[in-house]
Amino acid sequence: MMFLRHLPMITRPIPDLHAQLHEPANEPRAALALTHGAGSNMDSALLTKLADAFASQGVAALRYNLYYRRKRPHGPPFPATSSHDRESVAQVLTWLRTNVHPKVFGGGHSYGGRQSSMLAAEQRELLDGLLCLSYPLHPVRKPEELRTAHFPSIHVPTLFVHGTRDPFGLEGEMQAALAQIPARHRVEYLAGDGHELKHLQPASVVRLFLDFFGL
């Protein structure tokens with residue numbers, strides 16, 4: 001088991017990106033962009049705890065709002081403007097590579113992870129890997145409406161963390177869908193957890209991430 005030693009860290013706002021950067025006090029080993037689900041924002045407890053955990057292990061973590069959340073504080077995203085959400089993902093990844101570290105990873109929770117994965121399929125050069133938390137494989141009770149058309153175009157290593165009771169994608173459904181991804185990938189199931197990942201242990205996710213991506 002990988003031993004994790006907590007390092008000093010600092011946080012600072014990045015107003016132009018509607019973001020908060022959590023970074024080690026010393027030179028980071030990589031940078032990670034994390035964004036939120038459809039009904040949430042960058043200040044969710046999940047993203048905040050994860051960003052702290054990553055920074056404590058030498059990975060600079062930027063939690064940020066997607067385009068639609070920058071425009072209004074509440075409400076779901078609009079499918080018609082999802083391309084703008086991906087533009088905000090690209091903006092953040094480019095900023096991290098230019099200002100924080102040349103090795104950059106993207107991802108997030110639910111809708112945020114989905115948009116990050118779609119961007120990875122469109123512009124693989126923008127990131128070195130993906131972390132998708134509770135990927136929304138299909139709408140609840142609509143397993144026939146799969147959100148996987150872009151999976152065959154994902155060519156960066158991808159780590160999924162998923163609850164076994166997630167109504168947006170059950171374990172068997174996830175296994176079948178992820179087989180479409182040609183890049184190296186792994187899914188870690190959290191027994192008994194749902195879509196909100198209330199039982200997620202941030203340190204365990206960081207350990208998985210560092211091991212999977214060889215950091």
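Parameters at a glance
- Residues numbered from 1 in each chain as written.
- Predicted model: local features only at pLDDT ≥ 70, side-chain atom pairs only at ≥ 80, totals over all residues.
- Heavy atoms only, no water.
- Buried < 20%, exposed > 50% of the residue type's maximum accessible area, 1.4 Å probe, protein only.
- Helix = DSSP H or I, 4+ residues; strand = E, 2+ residues; numbered from the N terminus.
- Pairing = 2+ DSSP bridges.
- Right-handed = clockwise from strand over helix to strand, strands pointing away.
- Axes fitted to C-alpha atoms, helices over the stretch in contact; angles between N-to-C directions.
- Contact = heavy atoms within 4.5 Å.

Turning to the pairing of strand β5 (residues 104-109), a few remarks are in order. Counted residue by residue, β5 has 6 buried out of 6 residues, so it is predominantly covered. Sheet analysis places strand β3 (residues 30-35) next to β5, joined by 5 bridges and oriented parallel. Opposite Ala31, over in β5, you have Val104 as the bridge partner. Here 5 bridges tie β5 to strand β6 (residues 129-133), and the two strands are oriented parallel to one another. When the sheet's bridge partners are listed, His109 is paired in β6 with Leu133. Following the chain from β5 across helix α4 (residues 111-122) to the adjacent parallel β6, one finds a crossover that is right-handed.

This next bit is on the sheet that holds strand β2 (residues 19-24). Spatially, the 8 strands line up as an open sheet ordered β1-β2-β4-β3-β5-β6-β7-β8, and their pairing is mixed. Both edges of this open sheet fall to β1 (9-14) and β8 (185-190), since each of them pairs with a single strand only. When strand polarity is set aside, the average angle formed by the axes of neighbouring strands in this sheet is 15°. Bridge count for β6 against strand β7 (residues 158-163) is 4 bridges, and the pairing is parallel. By the bridge assignment, Leu131 is partnered in β7 with Leu159. The sheet strands contacting α4 are β3, β4 (59-64), β5 and β6, and the helix crosses β5 at an angle near 145°. Its contacts with the sheet put helix α6 (residues 202-212) on β3, β4, β5, β6, β7 and β8, and the angle it makes with β8 is roughly 165°.

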